[in-house]
Amino acid sequence: DGDPRMVITQTGNVGIGTTSPENLLHVEGSSATIQLEASNNTGSVELLMYADQAADNADKRKISVADGGTMSFATYSSGSWVDQMAILDSGNVGIGVVPGVKLHVAEVVSSGSALVKFENNQGTVADGDTILLLSFNGDDDATAGHFIEFQDQADDEMTGTIVASSGTATNNTVSDYRKK
């Protein structure tokens, strides 16, 4: 019908669905989808992003989808890519680790720092406000359910629990030779 489908401006910006692209690649439409596909439908597809071409390439970021559906997010450090987060085809999410459970966070944390922080920035805390809700959603009383377990490095020796019992949560410590 004579309307342009793609435009390349004099500055090098490419527009798809727009005749006045505001960025190097500008896609507009009722469903703006960019499809990256490996040519033989196997292998991985990668999207590399750079904020600036610094000599150390510390600003590089990469999103990749491997054959099988795993999506990973990586940064470039000391000459190689370092995976920072992964989403498996099962839906498991890992930050700093390949996840073995629905959400797995692992990192070496310096002394005095926290691994995970939940923060409610509400100005005034009201009765009933909650920061973290742990729920056994399919059970009316969750009796004997472990809300939190404290384990050693090998995940095989429990050192304490917070357990649901008779409508209350009980903090149970386990006798530990390291404390004696």
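Residues numbered from 1 in each chain as written. Predicted model: local features only at pLDDT ≥ 70, side-chain atom pairs only at ≥ 80, totals over all residues. Heavy atoms only, no water.

S.K.: Which parts of the structure should I look at to understand the pattern of salt bridges?
M.R.: Pairing between side chains of opposite charge can happen when the charged atoms of each approach one another. This model, assessed by the stated rule, comprises one salt bridge. A salt bridge links K117 to E119; its shortest N-O distance comes to 3.0 Å. Grouping residues by exposure puts K117 and E119 together as exposed. (Salt bridge = Lys/Arg side-chain N within 4 Å of Asp/Glu carboxyl O. Buried < 20%, exposed > 50% of the residue type's maximum accessible area, 1.4 Å probe, protein only.)

S.K.: Explanation requested: a nonpolar patch on the surface in the structure shown.
M.R.: A cluster of nonpolar side chains, namely V109, L115, V116, F118, I131, L132, L134, I148 and F150, defines an oily patch on the protein surface of about 780 Å² accessible area. By the element assignment, L134 lies in the loop between β9 (103-105) and β10 (146-151). (Patch = residues over 30% accessible without salt bridge, like charges linked within 9 Å, V, L, I, M, F, W, Y side chains within 5 Å. Areas by Shrake-Rupley, 256 points an atom, 1.4 Å probe, with all protein chains shown as cover. Helix = DSSP H or I, 4+ residues; strand = E, 2+ residues; numbered from the N terminus.)

S.K.: Teacher, can you tell me more about the sheet that holds β9 here?
M.R.: Think of a sheet as strands paired side by side through backbone hydrogen bonds, with each pair either parallel or antiparallel. Strand order in this open sheet of six strands is β4-β5-β6-β7-β8-β9, and the pairing throughout is mixed. Every other strand in the sheet has two partners, leaving β4 (45-50) and β9 as the edge strands with one partner each. Strand-to-strand, the axes of this sheet are offset by a mean angle of 25 degrees, without reference to chain direction. Sheet topology note: the β4/strand β5 (residues 60-65) ladder contains six bridges and is antiparallel. (Pairing = 2+ DSSP bridges. Axes fitted to C-alpha atoms, helices over the stretch in contact; angles between N-to-C directions.)

S.K.: Would you mind going over the environment of I162 with me for this structure?
M.R.: Here I162 is to be found in strand β11 (residues 158-165). Taking C-alpha positions, I162 is 8.7 Å from G145, a pair spaced 17 residues apart along the chain. Excluding anything up to four places from it in sequence, I162 contacts G145, H146, F147, I148, F150, A169, T170 and N171. (Contact = heavy atoms within 4.5 Å.)

Honestly, that's just the spatial picture; any functional story needs more than this.
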